[in-house]
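Coordinate inspection notes
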Amino acid sequence: MNNLQKIWNMMKGYRLMYGVAILFMGFGAIFAYYSPLILRATIDSVIGTEAFSGRREIIWLFTALGGREVLSQRLWIPGILLVSSALVQGIFVFLSGYLAAKASEGSARDLRNRLYHHLQYLPFAYHARSEKGDLLQRCTSDVDTVRKFLALQLVQVGNAIFLVTVSLVVTFQVHVELAWVAMPIIPLATVASILFFGKIQSSFRRSDEAEAALTSMVQEHLTGIRVVRAFGREGYEYGRFRALNEDYRRVTMRLIQWFAAFWASTDIMSLTQVLAVICVGTLWAVQGTVTIGTLILFVSSVWMILWPVRQMGRVLVDMGKAFVAMERIQEILDQEPESMNPQGIRQKLTGAIEFKGVSLEYEPGSPVLQDLNFTIESGQTVGILGHTGSGKTSLVGLIAGFYAPTQGSISIDGVPLQDFDKAWLRRQVSLVLQEPFLYAKTIKRNIGVGARNISEVEIFEAARDASIHQSIVDFEAGYDTPVGERGVTLSGGQKQRVAIARALVAQAPILIFDDSLSALDTETDRAVQEAIRKRASDRTVMLISHRLSTLMKADLVLVMENGRLVEQGSPAQLLEHDGLFSRLHALQNQGIEV
Ligand SMILES: Nc1ncnc2c1ncn2[C@@H]1O[C@H](COP(=O)(O)OP(=O)(O)OP(=O)(O)O)[C@@H](O)[C@H]1O
């Protein structure tokens, strides 16, 4: 699909409106020419003594209005004609601009909707490897570049084509020789524009990439500001920013230099053209082969086409920018969305999970999980223990269907995971992430976000079970307190407890806590676990944890090492072996925190 086709697709639903906008631009161009034609007829044939000549409609109009005898006595009539043609031209230009803006705004809104919808359904793997700042730029400023091109520039192409066509028709009809003198600017400026456009395309892309790199860096820096400050990395980060900023300046400066050269050279070209018409036209006027009215018509004509033809360069440059932006947008739209299997199974689950020979590779050839085999019965509490990077998060991510295993099979209640309706499956798994994410909404809405038709009482109870109720009611606005940038700043442990309450409220048969209790102090941890056990007695609970007290209460403990399941069994069984679990037990019994 070429770029114009992509833009054409984007304009679905607005093409007719846009076509009418270009048509009105054409009418505007035609009426733009009536003013110099009326002026020429007035100077040569009303004030002067030449016979009416040139466009038939002008001859007809002047004759119908009484011809030379009448009009020379009433010069205000050609005056009104002049003003009227300028007025009609203005109305067409206004309508054209209005319709083009309406069509482009509508197309841009639809494109943004489509992009956002598409992004929501792209696989986790895509989101994990893409830079957020870059995605943000594609969804906002790239869409805006295309919008501006449609609203302001593309209609200019129509304007230039209509103006040049009308000017060729009119000038060649009025004076062929002078028309040959006046017109070289059209091919010259067009060729200069095309060469320039070809040259500038790659510079625009580099400038966009440099801007995206800068945005990504600022976003990353602001997100991780605590780490930056804690490790005294301000100087290093500032250095990185300066380097990227300098790169952006350098690339943009090169672009500006190209622009300056283009405008300057086409300026010289244009003025030379006007000078040629004035010199040759004046000479021929002195010799009597060109009338004063014709000379005025030609000079106005050159001025009239100069601007749109020179603008062609700008239009083509903006077209280059819009094409680059459209390509970057299309790169997102071309990504295959995750298959959600909406026709898949939606059965009530009890939470029995089975892994058979499961392996996972994020990057081909680098296994993160290898040959995992285990069975979890419904209602069991499962502890997962393992060194950092051993694959615990990856394992629970597989259960929520974030990634598909590279080998082996996973089933819940005997149904292979891939046979479920994926959206439905995810609602059966409540996951509390290691780093909980809260929306910039009220605490109440944050807790109720995963549940449908939830009552306030249920939200309060879940918050009580997550040991956060008291802290919430202590806030001035209680549960209606907004969190995030414009609300209160919650501590890490408070955030986690809100996320735990959210998971508890969701009533899913499988509850997964990815190291999310470890930020709580031992006492709160114990209280929360007690509440979970009480609430979730019939649910399967998976707890990634390094706390022995948590693991000791599990029915089953899975011990991971380098992506492999090296031990599994009840805590009592594991204590009989000399493995990671019993070593942890020994260390924590000696009071050493691991
Ligand atoms: N989206 C991803 N793409 C590529 N590699 C990944 C991705 N997520 C995790 N990994 C890699 O997979 C390995 C296992 O990571 P995982 O987060 O599952 O371990 P973990 O045991 O949960 O670690 P931790 O206890 O530190 O949270 C790591 O080497 C990590 O770099």
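Keep in mind the model is a prediction, meaning the values are calculated, not measured.

**Things to note about the site of the ligand**
- Residues in contact with the ligand amount to 13 residues; listed here are only the nearest, Thr388, Gly389, Lys392, Thr393 and Ser394.
- Taking Thr388, its side chain carries an N or O atom lying 2.5 Å from an oxygen atom of the ligand.
- Note that an oxygen atom of the ligand is positioned 2.9 Å from one of the backbone N or O atoms of Gly391.
- Relative to its free-state accessible area of 630 Å², the ligand is covered by the protein chains to the extent of 63%.
- The element contributing the most residues to the shell around the ligand is helix α13 (residues 392-399), with 3 residues.
- Grouping the constituent residues of the shell around the ligand by class yields 4 nonpolar, 8 polar and 1 charged.

**What to know about empty space enclosed by the protein**
- Inspection of every chain in the model, using the stated rule, returns 1 cavity of 30 Å³ or more.
- Approximately 50 Å³ is the volume found for the largest cavity.
- Lining the largest cavity are Thr522, Asp525, Arg526, Gln529, Arg533, Ser549 and Lys553.
- With 5 residues, the top contributor of residues to the lining of the largest cavity is helix α19 (residues 522-535).
- Broken down by class, the residue content of the lining of the largest cavity amounts to no nonpolar, 3 polar and 4 charged.

**Quick word on the sheet that holds strand β1 (residues 353-363)**
- If you trace the 4 strands from one edge of the open sheet to the other, you get β2-β1-β4-β5, paired in antiparallel fashion. Because the sheet does not close on itself, it has two edges, and the strands there are β2 (366-376) and β5 (415-416).
- Lying on the sheet, α13 is in contact with β1, β2 and β4 (407-412); it crosses β1 at an angle near 115 degrees.

**Some points on the nonpolar core**
- If you look at the biggest cluster of nonpolar residues, it comprises 38 residues, and the most contacted ones within it are Tyr18, Phe149 and Leu150.
- For this core, the secondary-structure elements that each account for two or more residues are α1 (3-10), α2 (15-47), α5 (76-120), α7 (132-174) and α12 (292-333).
- Broken down by element, the residue count for this core peaks at 10 residues, all from α12.
- Residues contacting Leu150, with those up to four places away along its chain left out, are Ile7, Met10, Met11, Tyr18, Ala100, Ser104, Ser107 and Val155.
- If you look at the next biggest cluster of nonpolar residues, it comprises 36 residues, including Ala41, Leu81, Ala182 and Ile185.

**Examining the pattern of salt bridges**
- Following the criterion strictly, the structure yields 19 salt bridges and no others.
- Two residues, Arg426 and Glu338, come together in a salt bridge whose shortest N-O distance is 2.5 Å. You can see Arg426 sitting in helix α14 (residues 422-427) and its partner Glu338 sitting in the loop between α12 and β1, a full 88 residues away along the chain.
- With relative accessibility at 11%, the residue Glu338 sits in the buried group.
- Arg346 is the partner of Asp421 in a salt bridge, and the nearest nitrogen-oxygen pair spans 2.8 Å.

**As for the UniProt feature "transmembrane region" (unreviewed entry) in the protein chain**
- If you check UniProt for "transmembrane region" (unreviewed entry), the listed places come out as residues 16-34, 75-101, 150-172, 178-197, 258-284 and 290-309 in our numbering.
- Split by type, residues 75-101 is 96% helix and 0% strand. Its first and last C-alpha atoms lie 39 Å apart.
- The span residues 258-284 is 100% helical and 0% strand by assignment, and the distance between its end C-alpha atoms comes to 39 Å.

**Focus on a nonpolar patch on the surface**
- Side chains of Leu23, Phe27 and Ile30 sit close together on the surface and give an oily, nonpolar patch of about 230 Å² of accessible area.
- With respect to the secondary-structure elements, Leu23 resides in helix α2.
- When its relative accessible area of 44% is taken as the criterion, Leu23 is described as partly exposed.

**Regarding the pairing of β4**
- Relative to β4, β1 runs antiparallel, the two being bridged by 5 bridges. Bridge assignment links Glu354 to a residue of β4, and that residue is Ser411.
- Sheet topology note: the β4/β5 ladder contains 2 bridges and is antiparallel. Counted as the bridge partner of Ser411 is Pro416 from β5.
- Between β4 and β5, which pair antiparallel one after the other, the connecting turn spans 2 residues, and Asp413 there sits at a positive phi close to 50 degrees.

**A short note on the layout of surface pockets**
- What the second largest pocket holds in volume is close to 410 Å³.
- In terms of lining residues, the second largest pocket is bounded by 21 residues, among which Thr145, Lys148, Phe204, Asp208 and Lys321 are the most central.
- For the lining of the second largest pocket, the secondary-structure elements that each account for two or more residues are α7, α9 (185-223), α11 (234-287) and α12.
- The element best represented in the lining of the second largest pocket is α7, accounting for 9 residues.
- Its residues assigned to classes, the lining of the second largest pocket comprises 7 nonpolar, 6 polar and 8 charged.

**Quick notes on unusual backbone geometry**
- Positive phi outside glycine occurs at Gln507, with the angle close to 60 degrees.
- Looking at the element boundaries, Gln507 is found in the loop between α18 (492-505) and β7 (510-514).
- Notably, Asn562 is not glycine yet its phi reads approximately 45 degrees, a positive angle.
- Positionally, Asn562 belongs in the loop between β9 (556-561) and β10 (564-569).

**A closer look at the packing of helix α16 (residues 456-465) against α18**
- Two numbers describe how α16 lies on α18: the axes approach to 8 Å, and their chain directions differ by 125 degrees. One way to sum up the angle between α16 and α18 is to call them oblique. Here α16 and α18 pass one another in a crossing that is right-handed. For the pair formed by α16 and α18, the contact residues are Glu458, Ile459, Ala462, Ala463 and Asp465 on the first element and Ala501, Leu504 and Val505 on the second.
- Of the residues assigned to the contact of α16 with α18, the class counts are 6 nonpolar, no polar and 2 charged.

Cut-offs used in this document
- Residues numbered from 1 in each chain as written.
- Predicted model: local features only at pLDDT ≥ 70, side-chain atom pairs only at ≥ 80, totals over all residues.
- Heavy atoms only, no water.
- Near = heavy atom within 4 Å.
- Polar contact = N/O pair within 3.5 Å; in protein donor to acceptor, adjacent residues only side chain to side chain.
- Areas by Shrake-Rupley, 256 points an atom, 1.4 Å probe, with all protein chains shown as cover.
- Helix = DSSP H or I, 4+ residues; strand = E, 2+ residues; numbered from the N terminus.
- Nonpolar A, V, L, I, M, F, W, Y, C, P; charged D, E, K, R; others polar.
- 1 Å grid on protein atoms, 1.4 Å probe; cavity = no way out; pocket = protein on both sides within 12 Å on 5 of 7 lines; lining within 4 Å.
- Points joined across faces, edges and corners; volume = space filled by probe spheres on them.
- Pairing = 2+ DSSP bridges.
- Contact = heavy atoms within 4.5 Å.
- Axes fitted to C-alpha atoms, helices over the stretch in contact; angles between N-to-C directions.
- Core = buried A, V, L, I, M, F, W, Y, C linked by side-chain atoms within 4.5 Å.
- Buried < 20%, exposed > 50% of the residue type's maximum accessible area, 1.4 Å probe, protein only.
- Salt bridge = Lys/Arg side-chain N within 4 Å of Asp/Glu carboxyl O.
- UniProt positions renumbered as here; feature names shortened; annotations may be inferred.
- Patch = residues over 30% accessible without salt bridge, like charges linked within 9 Å, V, L, I, M, F, W, Y side chains within 5 Å.
- Parallel < 35°, antiparallel > 145°, perpendicular 65-115°, else oblique.
- Left-handed = near helix turned anticlockwise from the far one by under 90°.

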